[in-house]
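One letter stands for each residue in the lines below.
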Amino acid sequence: DGGITQSPKYLFRKEGQNVTLSCEQNLNHDAMYWYRQDPGQGLRLIYYSQIVNDFQKGDIAEGYSVSREKKESFPLTVTSAQKNPTAFYLCASSIATGLSSYNEQFFGPGTRLTVL
Amino acid sequence: AQRVTQPEKLLSVFKGAPVELKCNYSYSGSPELFWYVQYSRQRLQLLLRHISRESIKGFTADLNKGETSFHLKKPFAQEEDSAMYYCALSVPSGSRLTFGEGTQLTVNP
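Let me begin by describing the structure that accompanies this report.

About the cut-offs
- Residues numbered from 1 in each chain as written.
- Chains lettered and ligands numbered in written order.
- Predicted model: local features only at pLDDT ≥ 70, side-chain atom pairs only at ≥ 80, totals over all residues.
- Heavy atoms only, no water.
- Helix = DSSP H or I, 4+ residues; strand = E, 2+ residues; numbered from the N terminus.
- Buried < 20%, exposed > 50% of the residue type's maximum accessible area, 1.4 Å probe, protein only.
- Contact = heavy atoms within 4.5 Å.
- Pairing = 2+ DSSP bridges.
- Patch = residues over 30% accessible without salt bridge, like charges linked within 9 Å, V, L, I, M, F, W, Y side chains within 5 Å.
- Areas by Shrake-Rupley, 256 points an atom, 1.4 Å probe, with all protein chains shown as cover.
- Salt bridge = Lys/Arg side-chain N within 4 Å of Asp/Glu carboxyl O.
- Axes fitted to C-alpha atoms, helices over the stretch in contact; angles between N-to-C directions.
- Disulfide = S-S within 2.5 Å.

Residues and elements named next belong to chain A. Tracing the backbone through its elements, the reader meets H29 in the loop between β3 (19-25) and β4 (31-38). Look at H29 and you get buried, because its relative accessible area is 5%. If we ignore the near neighbours within four places in the chain, the residues touching H29 are R68, K71, S93, S94, I95 and F106.

This part covers unusual backbone geometry. All names here are of chain A. In this structure, the amide linkage connecting S7 to the following residue, P8, adopts the cis form with an omega of -10°. The topology assignment puts P8 in the loop between β1 (4-7) and β2 (10-13). One non-glycine residue, N53, adopts positive backbone phi at about 65°. Note that N53 resides in the loop between β5 (42-51) and β6 (54-57).

On to the sheet that holds strand β3 (residues 19-21) of chain B. All names here are of chain B. Overall, antiparallel pairing links the three strands, which are arranged β3-β8-β7 in an open sheet. On the outer flanks of this sheet lie β3 and β7 (60-61), each paired with one strand and no other. Bridging between β3 and strand β8 (residues 72-74) involves three bridges; their strand directions are antiparallel. Its bridge partner lying in β8, L21 is registered against L72.

Residues and elements named next belong to chain A. Taken together, the side chains of Y10, F12 and L116 present a nonpolar region at the surface, about 390 Å² in accessible area. Relative to the helices and strands, F12 resides in strand β2. On the basis of relative accessibility, which here comes to 55%, the residue F12 falls in the exposed class.

On to the sheet that holds β1 of chain A, then. Residues and elements named next belong to chain A. Strands sit in the order β1-β3-β8-β7 across an open sheet of four strands; the sheet is antiparallel. Across the chains shown, the open sheet's two edge strands, defined by having one partner strand only, are β1 and β7 (64-66). If you compare each strand with its neighbour and ignore which way they point, the axes differ by 20° on average. Note that β1 and β3 share four bridges and pair antiparallel. Paired with T5 across the two strands is E24, which belongs to β3.

If you walk through the whole model with that rule in mind, you get two disulfides over all chains. C23 of chain A shares a disulfide with C91 of chain A; S-S distance 1.9 Å. With the S-S bond torsion at -75°, the cross-link from C23 of chain A to C91 of chain A turns out left-handed. Of this pair, C23 of chain A sits in strand β3 while C91 of chain A sits in strand β9 (residues 87-94), and the two are 68 residues apart along the sequence. Both residues of the pair, C23 of chain A and C91 of chain A, belong to the buried class. Covalently, C23 of chain B is tied to C87 of chain B through a disulfide, its sulfur atoms 2.0 Å apart. A torsion of -65° about the S-S bond marks the disulfide between C23 of chain B and C87 of chain B as left-handed. In this pair, C23 of chain B is assigned in the loop between β3 and β4 (24-26) and C87 of chain B in strand β9 (residues 83-90), connecting sequence segments 64 residues apart. For the pair C23 of chain B and C87 of chain B, a shared accessibility class is recorded, and that class is buried.

Here it is as structure tokens:
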């Protein structure tokens, strides 16, 4: 089954712990994204990467970190500095053509993180 | 900075009735607008984009630059249209999307 995979599906973390969410794609897409989905707030962009070894902060990057060492992988670390980490996290990817009209983003199934 | 607003968090209609999901945006240039949909237990996926001027699953959306709106419409709603709908905006030559808050549509039998 091709596409974007996220693991784990559910994740529990104690306060003060860092945790890493996995995102892998086999679509050969250049661009990858991390969103946070909260009820009533829609999707908010955390980080995105348009090419390997490069990434940019989104709108709510504080308390998060990412890496892009491989084209197919874009892991997200939720650090203890994130004040309210309990949320649903979505990863996406797209072809970075520079033609924004056609940059359809393909989404993973998501990871639900709960801080105990 | 650009912004997308969906004023209705919840929208409920009966099967066969027309439906309109509102989307307003703020951006000083010419944006690219999209509608994404998330059906129950499925992934978020693209429904349509304004540049294609297409009808998908009976839905259409027209970009109104004067009113800065991109409302999603369907003349006759079906039960399978029940889902969460997100309006999204991209700036020219940009790859990132700015999403609205989402509208949960329920089509009652």
